Amino acid sequence: MTDHQFSTLSADLRTLAGQIPLHWGNIQNNKTDDQIDMFGIESYAELTKALSPLPVDQQNYLLRRWYLWKCAQCDEYLFYVNANVQRNPDPCDKAYDIVIDGNIYFDVKGTVIPQSMRGDAETVIKDPRQMIDFFYDHQSTGRRYDIQNRLFIVHHSFVDTARELFLRCAWQSKRAIYNTFCTNAKNIQFYHTHGVNAGVVFILERQKGVAEGVIYGM
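Everything numeric here is computed off the predicted structure, so don't read it as measured data.

What counts as what
- Residues numbered from 1 in each chain as written.
- Predicted model: local features only at pLDDT ≥ 70, side-chain atom pairs only at ≥ 80, totals over all residues.
- Heavy atoms only, no water.
- Helix = DSSP H or I, 4+ residues; strand = E, 2+ residues; numbered from the N terminus.
- Rg over C-alpha atoms; globule rule 2.2 N^0.38 Å.
- Buried < 20%, exposed > 50% of the residue type's maximum accessible area, 1.4 Å probe, protein only.
- Contact = heavy atoms within 4.5 Å.
- Areas by Shrake-Rupley, 256 points an atom, 1.4 Å probe, with all protein chains shown as cover.
- Lys, Arg positive; Asp, Glu negative; His and termini not counted.
- Charge placed at Lys NZ, Arg CZ, Asp CG, Glu CD.
- Expected span 1.5 Å × (residues − 1).
- Salt bridge = Lys/Arg side-chain N within 4 Å of Asp/Glu carboxyl O.
- Polar contact = N/O pair within 3.5 Å; in protein donor to acceptor, adjacent residues only side chain to side chain.
- Pairing = 2+ DSSP bridges.

Enquirer: Please explain the overall build of the protein as it appears in this structure.
Expert: Helix and strand content of the protein: eight helices and seven strands. In terms of C-alpha radius of gyration, the protein reaches 17 Å, essentially the compact-globule figure of 17 Å for 218 residues. Looking at the protein as a whole, 46% of its 218 residues are labelled buried. In the protein, 70% of the contacts between residues at least 6 apart in sequence involve partners at least 24 apart. Entry remark: accessible area of the protein is about 11,000 Å², with carbon and sulfur atoms responsible for 49%. Positive and negative side-chain charges in the protein, numbering 22 and 25 respectively, have mean positions lying 2 Å apart.

So, in structure tokens, the structure goes:
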């Protein structure tokens, strides 16, 4: 992704944030994923045209999946623009998305605090190990299932959990937070579980419109 592509896409995603379903509307599975060529669709207009023949639950599922995939591309970009970060040159390789300092490999995964843990979000933010294990133990089955080093970007609004997608688009704040993570990565204490290493960056909103970052283990 180039600077221009990021600028255009990130602005479009921010504009669309209020139109994307907050819930999947369907169980994540390969059959539904294969209803459209999602990874060949670059624009929202193309997507809505491709979705039009499908039932509403599948439309909602694929709309949300496409949107989160595009947010993930922007997140990865904001990591690999840092001088000590390289991206995986093979976008189909599931082993990792970025490598920091030449030896810290991560698959970057944008997500939220699981619903069952949101009632005690402050505790989760202080010690996210139980949440991390939950993510590995309850991940989607099918072709997306894998166990690798993961960096979880966890979005949570104390103002209103429905603002998740606006937080995912807090690009300016994320740029600074990810830079701090990459600069200090070699000194961060990652959580070793399931035979791999996991990191967490929380993107939090305690005051409406103000995003802040918490890096676990730093």
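From this point, the discussion proceeds with the structure in view.
Enquirer: What is the right way to look at helix α4 (residues 56-80) in this model?
Expert: In an α-helix there are 3.6 residues to a turn, and that puts residues three or four apart on one side. Helix length check: α4 (25 residues) gives 36 Å between terminal C-alpha atoms against 36 Å at 1.5 Å per residue, within 8%. With 18 of 25 residues buried, α4 is to be regarded as a mostly interior element.

Enquirer: Explanation requested: the pattern of salt bridges in the structure shown.
Expert: Close approach of charged atoms lets side chains of opposite charge pair. Going through the model one piece at a time under the given rule, you end up with nine salt bridges. Put simply, Arg168 and Glu164 hold a salt bridge, and the shortest N to O gap is 2.8 Å. Here Arg168 pairs with Glu164, and both are found in helix α7 (residues 164-168), just four residues apart, close to one helical turn. Taking the shortest distance from any N to any O, the salt bridge between Arg206 and Glu212 comes out at 3.6 Å. Taking the relative accessible area as the measure of exposure, Arg206 reaches 39% and is therefore partly exposed. By relative accessible area, which is 32% here, Glu212 ends up partly exposed.

Enquirer: Is there a simple way to think about the environment of Ala83 in this case?
Expert: By secondary structure assignment, the location of Ala83 is in the loop between α4 and β1 (85-87). For the pair Ala83 and Gln19, spaced 64 residues apart in the sequence, the C-alpha separation amounts to 35 Å.

Enquirer: Even after reading the chapter, I still don't get the side chain of Gln148, so can you show me in this structure?
Expert: Positionally, Gln148 belongs in the loop between α6 (129-137) and β4 (150-157). A relative accessible area of 8% means that Gln148 is categorised as buried. At 2.8 Å, the side chain of Gln148 forms a polar contact with the backbone oxygen of Lys94. With residues up to four places along the chain from it excluded, the contact list for Gln148 reads Lys94, Ala95, Asp107, Tyr136 and Val196.

Enquirer: What should I look at first to understand the pairing of strand β7 (residues 210-215) in this one?
Expert: A regular strand places its side chains so that they alternate between the two faces of the sheet. Note that strand β6 (residues 196-207) and β7 share six bridges and pair antiparallel. Note that in β7 the partner of Gln207 across the bridge is Val210. Following β6, the chain reverses through two residues before pairing antiparallel with β7; Gly209 in that reversal takes a positive phi of roughly 85°.

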